[in-house]
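# Structure assessment
Chain by chain, the residues run as shown.
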Amino acid sequence: MELEKKLIKILRNISILLQIKGENIFKASAYSNAADIIEAMQLDIAELVRNGKLGEIKGFGEALVKKITEFVETGKISFYEKLIQEVPIELVSITKIPGIGPKKTKTLFEQLGIKSIDDLENACLEGKVANIKGFSKTTQEIILNNIQHIKAWKGKKQQFACFQEANNINNLLKSAPGVIEHSIVGEMRRYSEIISNIHFLVSTTEPNKVAKFLQEKFNLKYNNNSVSFYTEEEVSVTINFTEPKNFVWQLHNFTGNKNYIEHFANLFQERTGNPFDFYQFPLENIILKREQQLFELLNIQYIPPELRENSLSIFKAKEWKIPVLIKEKDLRGMIHVHSNWSDGFNTIEQLAIAAKNLGFEYIVICDHSQTAKYANGLEPERVDQQHKEIDELNKKNLGIKILKGIESDILADGSLDYDENTLKKFDLVVASVHSHFKMTKSEMTRRLVYAIMSPYTHILGHPTGRLLLSRESYEVDIKEIIDAAADYGKIIEFNANPYRLDLPWEHLIYAKEKGVKISINPDSHDINSLTDIFYGVNFLRKGWLESSDVVNCLEHDEFVRFINSIGKS
DNA sequence: GCCGTTTTCGGCCCGACTGTTTTCAGTCG
């Protein structure tokens, strides 16, 4: 997939550069659209070029086929090479700043020669941006503010975006001379949503040998007991070395975060009478073979790595009250999936069969509602047509039940996107915010509570609206939202899209406390990302959820009964 | 640039918000 990744990036760059150049927007979109298709459908580009089948895929015309063929054969696209001579490639980074699109980027470049985010920051600080026509002091301040956000996000990645690199390093350590044992630790092992450092622990008696081996692959810094370096994707990596006798001890200590370790250290001291030492296991007569032994030694329950964030897990482990956390195989229902009726790539039948093959008993299709024009949302007439298709598919007995859902926009006033007659037709309604993000906290909270109160709402979709490392949550009192869901017996979504992971795990803990049921939903737009639901389970675990907290774990008939009971009381 | 076709070029992606205008261009979902 390396080839495709490179191509996707080039196509997206072409799209942005053409827009900066002032080309027809539809021409520019053709490139980003092609990139989206390659990504969503996981196309094997080299194979398609070889059999001459690329042109048969919708969205790939003569020009794109020619350029992509050139790319497969030479690794380059001459059109692109020429384009970046005309428009500096660095300008793409400026369009990533919220509120700055291609036109403003062009103006900034032409008038002030701004090419990079650093240039732009300096120009703002010098007050030059406010002097350009079309900009103002307020805009300048907003830009500066947004640059601060982007800088704070630099060097960080979403957890899933680090899998490949962590895996590569893992494989490398497997074959490295001198490595006795090794494990991932830190944020990755805890399943943090955002990763700032990929961290490994290596058991070895010959740290120099291991370091030398790694030195051949990476440009690294070597201190006594660790090496650090950056990957090609600019993620920081640390590898700590330890003597075999301290491996399990350090595995535990490098996994927990600071707050957890502080509380663990106190407990260790209290229960063993020995001072806590981060690197050396203080009890000389015991050799730890597994982490479990450590918890047994303190006479507390085993704490899974994803819970080692703070004192809560230690407190509960002392009381032996850590629950059996949800597992992938507990899931039975696939909820909130988009088909090609709105902005998805696959037909309902393809989605249903794919979900069945992943082991699911039922799937709830939730396309966009009518206000979401940009996503080809369904007007009431198309809702009827879609329901007819679902009825027919269900008659075919595909081996999976298909339910009629909708992802209804929550309008600015908190109402849903259809009249009652239409709303009654759905088996399930996910209500989500897709517009009017900039409201005051109290206005947004009132809006969401109003949507929760609707007798037709079953699930509140992506409750905070955050996009990891690109958009903050909108202003909302999330506790009040969870309280309202508890009061009205409504479900809250955990959106398993790897860029969302919304509701955040900290709030899942509160939702569980209040008895609110959670629905884990992939919000997928193609068959490949249905598996995001499995990725999401890790974060439900991080939020202390058990299978009994999650509606997707209900078998079909129970699920339908449960859904039907909502809003009727 | 792609698509679909009354096959050779017009439509495609709409509407709301924002900030800067004084009637609208640019951005975003």
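Every chain's residues receive numbers from 1 upward, in the order its sequence appears when written. Key to labels: chains lettered from A, ligands numbered from 1, both in the order written. Thresholds applied to this predicted model are a pLDDT of at least 70 for local features of residues and 80 or more for the giving and counting of side-chain atom pairs; totals over whole chains, interfaces and linings are not thresholded and use all residues. Just so you know, side-chain values use all the structure's heavy atoms and leave hydrogens and water out.

### Remarks on the sheet that holds strand β2 (residues 181-185)
If DSSP finds at least two bridges between two strands, the strands pair. Secondary structure follows DSSP: runs of H or I at least 4 residues long count as helices, runs of E at least 2 residues long count as strands, and numbering of each begins at the N terminus. Strands sit in the order β2-β4-β7-β6-β5 across an open sheet of five strands; the sheet is mixed. Either end of the sheet is taken by a strand with one partner, and the two such strands are β2 and β5 (221-223). Strand-to-strand, the axes of this sheet are offset by a mean angle of 20 degrees, without reference to chain direction. The pairing of strand β4 (residues 197-203) with strand β7 (residues 236-242) spans seven bridges and is parallel. Bridging from a neighbouring strand, F200 pairs with I239 of β7. Between N-to-C directions, angles cover 0 to 180 degrees, with each direction set by a line fitted to C-alpha atoms, over the stretch in contact for helices.

### Points about the nonpolar core
In these notes, a set of buried Ala, Val, Leu, Ile, Met, Phe, Trp, Tyr and Cys residues joined through side-chain atoms within 4.5 Å is what counts as a nonpolar core. To sort residues, take the accessible area from a 1.4 Å probe on protein chains only and compare it with the maximum for the residue type: under 20% means buried, over 50% means exposed, and anything in between is partly exposed. Within the largest apolar cluster, 95 residues are counted, with the highest numbers of intra-cluster contacts made by F264, L331, I363, I402, F494, I520 and L540. Considering each element in turn, this core owes the most residues, six residues, to helix α23 (residues 532-542). Of the domains in this structure, domain 2 (181-318) and domain 3 (328-565) are the two that each give at least three residues to this core. Contacts: residue pairs with any heavy atoms within 4.5 Å of one another. With residues near it in sequence (within four places) discarded, L540 still touches I326, F494, L508, I518, I520, L545 and V550. Core analysis: the next-biggest nonpolar cluster, separate from the first, contains 48 residues, I38, L54, I117 and L120 among them. Domain start and stop points were drawn from an automatic or database domain assignment.

### Brief notes about the side chain of Q159
As for its placement among the helices and strands, Q159 is situated in the loop between β1 (157-158) and α10 (163-175). Not counting the four nearest positions on each side in its chain, Q159 is found in contact with E187, M188, Y191, S192, E193, I195, Y535 and F539.

### What about the protein's contact with DNA strand B?
Only heavy atoms are used to decide nearness, and a residue is near a molecule or strand if one of them lies within 4 Å of it. Taken together, 36 residues form the shell around DNA strand B, and within it G59, G99, G101, S136 and T139 come nearest. Among atoms of DNA strand B positioned within 4 Å of the protein, sugar and phosphate together represent 68%. Polar contacts, as used here, are pairs of N or O atoms within 3.5 Å; protein pairs need one atom able to donate a hydrogen and one able to accept it. Residues neighboring in sequence count only if both atoms are side-chain atoms. Within the contact set of DNA strand B, a phosphate oxygen lies 3.0 Å away from a backbone nitrogen or oxygen of K104. Measuring from a phosphate oxygen of DNA strand B, one finds a side-chain N or O atom of T139 at 2.3 Å. When contributions to the surface near DNA strand B are tallied by element, the ones reaching two or more residues are α2 (25-41), α4 (62-74), α7 (102-112) and α9 (137-153). The residue classification treats Ala, Val, Leu, Ile, Met, Phe, Trp, Tyr, Cys and Pro as nonpolar and Asp, Glu, Lys and Arg as charged. All others, Gly included, are polar. Across the surface near DNA strand B, the residue classes tally to 16 nonpolar, 12 polar and eight charged.

### Digging into the environment of N51
Structurally, N51 can be placed in the loop between α3 (45-50) and α4. When the C-alpha positions of N51 and K157 are compared, they lie 36 Å apart, and in sequence the two are 106 residues distant.

### Side note on the packing of aromatic side chains
Stacked, tilted and edge-to-face are the three classes assigned to paired rings of Phe, Tyr and Trp, where Trp is represented by its six-membered ring and a pair needs centres within 6.5 Å; plane angles under 30 degrees give stacked, over 60 edge-to-face, the rest tilted. Counted under the stated rule, the structure contains 25 aromatic pairs. Consider the rings of F254 and F278, whose centres lie 5.1 Å apart with planes at 75 degrees: the pair is edge-to-face. A residue pair is termed long-range when its members are at least 10 positions apart, and F254 in helix α13 (residues 247-255) and F278 in the loop between α14 (258-272) and α15 (291-297) qualify at 24 residues. Members of the aromatic cluster, each reached through a chain of ring pairs, are W249, Y260, F264, F268, F276, F281, F295 and Y302. Taking NZ or CZ as reference, K479 lies 4.9 Å from the ring centre of Y510, over its face. Any Lys NZ or Arg CZ found within 6 Å of a ring centre and within 35 degrees of that ring's normal is scored as a charge over the ring. For the cation-ring pair, K542 lies above W505, with the distance from its terminal atom to the ring centre recorded as 4.9 Å.

### Considering the side chain of R447
Tracing the backbone through its elements, the reader meets R447 in helix α20 (residues 441-453). Positive residues here are Lys and Arg, negative ones are Asp and Glu, while His and the chain termini are left out of the count. Just to be clear on terms, a salt bridge is a Lys or Arg side-chain nitrogen sitting within 4 Å of an Asp or Glu carboxyl oxygen. Of the buried charged residues, R447 lacks a salt bridge, with D413 as the closest side chain of opposite charge at 6.8 Å. Beyond its immediate chain neighbours, meaning those up to four positions away, R447 contacts I410, L411, A412, D413, G414, V433, S435, H436 and M439.

### Things to note about the pattern of salt bridges
The tally for this structure, following the rule as stated, stands at 25 salt bridges. Residues K151 and D118 are paired through a salt bridge, measuring 3.2 Å at the closest nitrogen-oxygen approach. One end of the pair, K151, is in helix α9; the other, D118, is in helix α8 (residues 117-125), and 33 residues separate them in sequence. Using a relative accessible area of 36% as the deciding quantity, one classes K151 as partly exposed. Judged by its relative accessible area of 42%, D118 is partly exposed. For E309, the salt bridge is made with K542, and the minimal N-O distance between the two is 2.6 Å. With E309 in the loop between α15 and α16 (311-318) and K542 in helix α23, this pair connects stretches of sequence that are 233 residues apart.

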